[in-house]
Amino acid sequence: MARFESDSLTKRSSKFENFLKKNLDESTYERIRAYEPCIVCSHREQKAFKYVVLSDECLYLTENPPKTLSTAVKLENLFEIDLIDDLPDFLSGQEQRNTTHIQINYWDETVAKVKPSSRPSSQNSMHQEDTDQEVTSSSVDKLSAARSKLDLDDDSDGEVVSDPMSKSMPEGSLKSMLKQSHPNGRHPLKSTFKKVTIQDQSRIGNKHVRELPRIPIPEGHEEGRTRHNSASPRTRLSSSKPEHKSDNNLSVPTPDQQVGSKVSKRMTLHLYMLVPDSKMLVLIRSAVNNFLIRSTLYIDSEELTQDGALYLQKGKHSSDLGGKTLSVKIDMLFSTLTKELMDPGNTMEQTFELVQELKTATEKYFHLKRLFWKSGDIFAKLVSILKVYLPKSPHANINNDLGRAQRADEFELIILIIQTIGLMFRETEIFPSRLRVLRSGSGRLIQDLIEVITCFPSLPVKYVPPTSKASKLLMQTEADKWKCLADMEIHELFVEFTSASTSVLFELLVIAQQSHWGRSENSFFNVNWLMNVLENLNTTNKFLERIIGQAMRFVQPSKKVELSPQEAILVFQEFYIQHAIMVYSPPLASFISNNYTEEFKYYIQGPVLQEKLPEFYPISMRTILLIQEVMSQVLQKKVQLLPEKRFIQ
């Protein structure tokens with residue numbers, strides 16, 4: 001029973017909700033996405049009647065009725081999820097026909113434990129390594145003796161042992177850094193958060209920093225692989241030699257490396273969902289995509305992203321809430337922001353500051369997303385503000401000096417609002433009120449939003465400096481140079497507007513696919529309805545030209561070898577949109593195929609993609625596979641960008 005009411009996905013159980021509240025901390029409970037009854041088959045148990053619970057970081061299992069909650073699969077260890085078209089032989093009748101079979105392949109980690117007092121010699125270590133590589137019937141006794149000598153625990157293949165990841169950085173250290181960066185408070189029309197470098201994080205201490213996501217593992221190393229948590233992704237990429245070697249060039253781990261090293265085995269979990277038209281498959285896939293996006297952002301050393309959040313600076317509203325509980329603070333902050341944001345007399349600068357404070361607070365406090373979708377008033381207000389400035393500016397003349405500056409400020413507000421809406425969409429399918437808001441008025445707000453984010457906004461006419469003859473007469477002034485720089489600023493804001501719009505359209509597609517899954521066609525807000533809206537807009541083709549052109553500039557051969565994490569996520573979202581169009585919209589798919597066949601054929605190259613999207617980005621392999629599927633559809637032939645079986649999908 002996903003945590004949704006009948007208007008959104010499925011029903012909820014108050015008794016089971018109370019069980020989750022008792023067994024999970026508040027922040028984890030807030031991010032529970034779904035739960036449904038199922039029959040579980042795995043290496044630990046067979047045909048067990050249980051509940052599966054999906055959060056933003058892992059899958060839990062509990063008895064039915066619930067007693068204890070245990071972690072079954074962490075999303076970071078999940079590498080493949082499939083829908084199996086079969087009928088379970090252990091069920092019959094209607095239950096057998098209504099069952100959805102989900103197969104999940106993942107890495108099951110065990111931690112090798114070595115007592116510090118047992119320090120093996122190099123010969124014994126090498127003998128142990130040779131024994132592990134090839135075990136025959138005649139060498140069992142030798143292997144047992146070696147294990148006994150090293151005093152290894154016998155239960156290394158039992159329960160998974162892992163260190164809990166910290167949820168956030170020390171708040172005191174962060175606040176001091178923020179105060180040093182912005183002693184006079186927030187800068188108008190600019191972002192308010194402090195960016196922290198790798199050096200800053202090392203000063204805080206490794207024990208408070210979340211473990212970075214692991215890289216995809218080559219097919220040849222999937223069984224019995226060993227990982228050490230101390231190496232960062234960038235260190236693993238640049239280091240090709242082991243830290244310690246023996247004289248005969250064999251890698252011999254030191255005792256410190258052996259203690260706490262993780263050995264992973266490929267495992268399979270079968271879930272037979274018992275709810276008719278179960279949404280668990282599409283929700284798990286969505287949770288994995290969001291986890292990959294969130295984990296990729298962690299890698300960016302220029303972003304302060306602990307627990308998926310940027311820390312809230314004390315604004316004029318939050319500074320007056322001392323002495324109250326956190327939930328009361330959040331409710332009061334949202335109430336005050338709502339009241340002031342709904343004021344029709346706000347200037348553009350006042351609106352910017354209020355939306356900025358809402359966005360920054362939401363990045364820290366997930367509960368604000370629940371409040372945002374509770375009524376939908378702020379969502380309607382933000383869409384109405386976008387319609388004021390898009391596609392045309394309310395300013396009479398944008399081609400003079402004042403008009404150019406005014407349009408640049410308008411673009412900054414537009415981008416901030418679109419980014420805030422995208423943030424409110426992300427990972428909020430757990431709120432039943434969200435889909436009700438989006439479906440209200442026959443989806444009028446969604447249509448208005450799609451219309452403004454896909455439009456081509458009015459831009460100042462590009463300034464043309466004096467001719468070369470006039471320049472020789474020293475008629476080119478500093479004002480001419482400033483106007484050229486103003487054109488560059490407008491262009492950069494326009495590119496940022498396109499990127500923010502792409503992210504929002506991506507989120508709308510995810511929502512439409514979740515709504516579409518297993519439901520009848522009379523539910524108007526589904527993928528087919530969304531594609532019909534795009535097809536009826538005369539701005540869609542121009543918007544597709546922009547996102548495809550931007551995607552090609554990212555992935556084509558160039559001097560820039562590696563994309564940033566933000567750029568890698570944007571590429572994933574751009575090709576996700578293209579893939580959905582190729583599958584669900586024949587008219588738009590025909591437009592892409594007829595106009596961009598050459599670009600897909602010559603601009604996208606497998607070796608270049610591997611350099612642009614490095615292995616230690618969690619989103620990389622999913623993005624390359626997505627690009628591969630889009631290319632196959634556009635070129636109408638099977639495309640293999642990477643050597644077959646090179647990476648685990």
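Residues numbered from 1 in each chain as written. Predicted model: local features only at pLDDT ≥ 70, side-chain atom pairs only at ≥ 80, totals over all residues. Heavy atoms only, no water.

Regarding the overall build of the chain
Next, step 1: Scanning the chain for helices and strands turns up 25 helices and eight strands.
Next, step 2: Counting all 649 residues of the chain, 52% fall into the buried class.
Next, step 3: In the chain, 74% of the contacts between residues at least 6 apart in sequence involve partners at least 24 apart.
Next, step 4: Accessible surface, the chain: about 31800 Å² in total, of which carbon and sulfur atoms supply 51%. (Helix = DSSP H or I, 4+ residues; strand = E, 2+ residues; numbered from the N terminus. Buried < 20%, exposed > 50% of the residue type's maximum accessible area, 1.4 Å probe, protein only. Contact = heavy atoms within 4.5 Å. Areas by Shrake-Rupley, 256 points an atom, 1.4 Å probe, with all protein chains shown as cover.)

Considerations on the nonpolar core
Next, step 1: Ranked by internal contacts, the top residues of the largest apolar core, which has 143 residues, are Ile104, Phe379, Phe425, Leu449, Phe575, Phe600 and Ile604.
Next, step 2: Among the elements that line this core, the one with the most residues is helix 19 (residues 478-516), at 13 residues.
Next, step 3: Excluding residues within four positions of it along the chain, Leu449 makes contact with Phe379, Val383, Leu386, Ile421, Phe425, Val504 and Leu508.
Next, step 4: Counting residues in each nonpolar core, the second largest holds eleven residues, with Leu20, Leu24, Tyr35 and Tyr51 among its members. (Core = buried A, V, L, I, M, F, W, Y, C linked by side-chain atoms within 4.5 Å.)

What to know about the packing of helix 12 (residues 348-364) against helix 15 (residues 401-425)
Next, step 1: Two numbers describe how helix 12 lies on helix 15: the axes approach to 10 Å, and their chain directions differ by 30 degrees. Taken as axis vectors, helix 12 and helix 15 run roughly parallel relative to one another. Relative to helix 15, the crossing made by helix 12 is left-handed. Together, Met348, Thr351, Phe352, Val355, Gln356, Leu358, Lys359, Thr362 and Glu363 of helix 12 and Gln406, Asp409, Glu410, Glu412, Leu413, Leu416, Ile417, Gln419, Thr420, Leu423 and Met424 of helix 15 make up the contact between the two elements.
Next, step 2: In terms of residue class, the contact of helix 12 with helix 15 is made up of nine nonpolar, six polar and five charged. (Axes fitted to C-alpha atoms, helices over the stretch in contact; angles between N-to-C directions. Parallel < 35°, antiparallel > 145°, perpendicular 65-115°, else oblique. Left-handed = near helix turned anticlockwise from the far one by under 90°. Nonpolar A, V, L, I, M, F, W, Y, C, P; charged D, E, K, R; others polar.)

Details of the environment of Val73
Next, step 1: By secondary structure assignment, the location of Val73 is in strand 4 (residues 69-74).
Next, step 2: Residue classification places Val73 among the buried positions, given a relative accessible area of 1%.
Next, step 3: Once the C-alpha coordinates of Val73 and Leu61 are considered, the two residues, twelve residues apart in sequence, prove to be 9.1 Å apart.
Next, step 4: In this structure, Val73 is in contact with Cys58, Leu59, Leu78, Tyr106 and Leu269, ignoring residues within four places of it in sequence.

Some details on the environment of Asn532
Next, step 1: Assignment of secondary structure puts Asn532 in helix 20 (residues 527-536).
Next, step 2: C-alpha of Asn532 to C-alpha of Ser585: the two residues are 53 residues apart in sequence and 8.0 Å apart in space.

Some details on the packing of aromatic side chains
Next, step 1: Throughout the structure, instances matching the rule amount to 20 aromatic pairs.
Next, step 2: Measuring from ring centre to ring centre gives 5.0 Å for Phe372 and Trp373, while their planes differ by 85 degrees; the resulting arrangement is edge-to-face.
Next, step 3: Taken together, the ring pairs connect Phe16, Phe19, Tyr35 and Tyr51 into an aromatic cluster.
Next, step 4: Over the aromatic face of Phe411 sits the side chain of Arg407, whose NZ or CZ is 4.9 Å from the ring centroid. (Phe/Tyr/Trp six-rings, centres within 6.5 Å; stacked < 30°, edge-to-face > 60°. Lys NZ or Arg CZ within 6 Å of the ring centre and 35° of its normal.)

Section: helix 20
Next, step 1: Considered for burial, the residues of helix 20 that qualify are Val527, Trp529, Leu530, Met531, Val533 and Leu534.
Next, step 2: One side-chain oxygen of the residue at the start of helix 20 lies 3.2 Å from the amide nitrogen of Asn528, identifying that residue as Asn526. (Polar contact = N/O pair within 3.5 Å; in protein donor to acceptor, adjacent residues only side chain to side chain.)

Some details on unusual backbone geometry
Next, step 1: Going from Asn64 to Pro65, the amide bond is cis rather than trans, its omega being 5 degrees.
Next, step 2: Note that Pro65 resides in the loop between strand 3 (58-63) and strand 4.
Next, step 3: Omega for the bond connecting Leu390 with Pro391 falls within 30 degrees of zero, at 0 degrees, which places this linkage in the cis form.
Next, step 4: Even without being a glycine, Glu427 presents a positive backbone phi close to 60 degrees.
Next, step 5: Tracing the chain through its elements places Glu427 in the loop between helix 15 and helix 16 (432-439).

Regarding the pairing of strand 4
The two faces of a sheet get side chains in turn, since along a regular strand they alternate between them.
Next, step 1: Sheet analysis places strand 3 next to strand 4, joined by five bridges and oriented antiparallel. Each residue of the ladder has a partner; that of Tyr60, found in strand 4, is Thr71.
Next, step 2: Here strand 3 folds back onto strand 4, and the loop between the two strands holds five residues. (Pairing = 2+ DSSP bridges.)

Focus: the pairing of strand 1 (residues 34-41)
Next, step 1: Strand 1 sits mainly inside the fold: eight of its eight residues count as buried.
Next, step 2: Here strand 1 shows a buried face lined by Ala34, Glu36, Cys38 and Val40 and a second buried face lined by Tyr35, Pro37, Ile39 and Cys41.
Next, step 3: Where strand 1 meets strand 2 (residues 48-54), seven bridges bridge the pair, whose relative direction is antiparallel. By the bridge assignment, Tyr35 is partnered in strand 2 with Val53.
Next, step 4: Linking two consecutive strands that pair antiparallel, namely strand 1 and strand 2, is a turn of six residues; a positive phi of about 55 degrees is found at Lys47 within it.

Quick notes on the pattern of salt bridges
Next, step 1: By the definition in use, this model includes 16 salt bridges.
Next, step 2: Across the pair Asp56 and Arg294 runs a salt bridge, and its minimum N-O distance is 3.9 Å. Highlighted residues: Asp56 in the loop between strand 2 and strand 3 and Arg294 in helix 10 (residues 280-299), separated in sequence by 238 residues.
Next, step 3: The closest approach of N and O atoms between Asp487 and Arg404, which form a salt bridge, is 2.4 Å. With Asp487 in helix 19 and Arg404 in helix 15, this pair connects stretches of sequence that are 83 residues apart. Taken as a pair, Asp487 and Arg404 share a single burial class, namely buried.
Next, step 4: What you see here is one network of salt bridges that share partners, running through Arg31, Arg33, Asp56, Arg294, Glu427 and Glu429. (Salt bridge = Lys/Arg side-chain N within 4 Å of Asp/Glu carboxyl O.)

Brief notes about helix 25 (residues 620-635)
Next, step 1: Relative to the 22 Å expected for 16 residues at 1.5 Å per residue, helix 25 spans 22 Å between its end C-alpha atoms, a close match to the ideal helical length.
Next, step 2: With respect to burial, helix 25 is a largely interior element, 13 of its 16 residues being buried. (Expected span 1.5 Å × (residues − 1).)

Focus on the packing of helix 11 (residues 326-341) against helix 12
Next, step 1: Viewed as axis vectors pointing N to C, helix 11 and helix 12 meet at an angle of 155 degrees, and their least axial separation amounts to 10 Å. On the basis of the axis angle, helix 11 is roughly antiparallel to helix 12. Considering how the two elements wind past one another, helix 11 and helix 12 form a crossing that is left-handed. When helix 11 is examined against helix 12, the residues Leu333, Phe334, Leu337, Glu340 and Leu341 are found in contact with a partner set consisting of Thr351, Leu354, Val355, Glu357, Leu358 and Ala361.
Next, step 2: Of the residues belonging to the contact of helix 11 with helix 12, the class tally is eight nonpolar, one polar and two charged.

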